[in-house]
Amino acid sequence: MTWIAESPTGGFAGSSRRRGRRISSARPAGLRARFSGAELRDVEGLVKLVDRTEIEAHDWSLTPGRYVGVAPEEEDEDFDFEEALRSIHIELNALNEEAALAARVARDFEELGA
């Protein structure tokens, strides 16, 4: 069995997995938590177990995106888009007023010759 995994740094890791091979106890706790029992399994957006026929079907490409896919985006159901947009608009107006005031002060100093 062959596994292909997207790494947090954007690269990939690939390996031929032999029967009885387990995740080392030296691996980070996060891996041990995701793979209880130390057995690799498919995790959408992270790991996909594939066989040679699937790799051959992809013209022997080991690009992780062909197999791993993208993890589903978590939606925040409590997020109020309209409120966030209102808040951004209010902040933008305040910044524009501040910029206009700064421009007026700069003009006044220029008129004074400072």
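That block above? That's the structure.
1. Details of helix H4 (residues 81-112)
Alright, step 1. Here H4 is 32 residues long and its end C-alpha atoms lie 47 Å apart, about the 46 Å a rise of 1.5 Å per residue gives.
Alright, step 2. The positive-phi residue at the C-terminal boundary of H4 is Gly113, with phi of around 80°.

2. Let's talk about the pattern of salt bridges
Alright, step 1. All chains considered together, the criterion is met by 2 salt bridges.
Alright, step 2. One salt bridge in this structure joins Arg86 and Glu82, with 3.9 Å as the shortest N-O distance. Here Arg86 pairs with Glu82, and both are found in helix H4, just 4 residues apart, close to one helical turn.
Alright, step 3. Looking at Arg86, the relative accessible area reads 43%, which means it is partly exposed.
Alright, step 4. Its relative accessible area of 55% is what places Glu82 among the exposed residues.

About the cut-offs
- Residues numbered from 1 in each chain as written.
- Predicted model: local features only at pLDDT ≥ 70, side-chain atom pairs only at ≥ 80, totals over all residues.
- Heavy atoms only, no water.
- Helix = DSSP H or I, 4+ residues; strand = E, 2+ residues; numbered from the N terminus.
- Expected span 1.5 Å × (residues − 1).
- Salt bridge = Lys/Arg side-chain N within 4 Å of Asp/Glu carboxyl O.
- Buried < 20%, exposed > 50% of the residue type's maximum accessible area, 1.4 Å probe, protein only.

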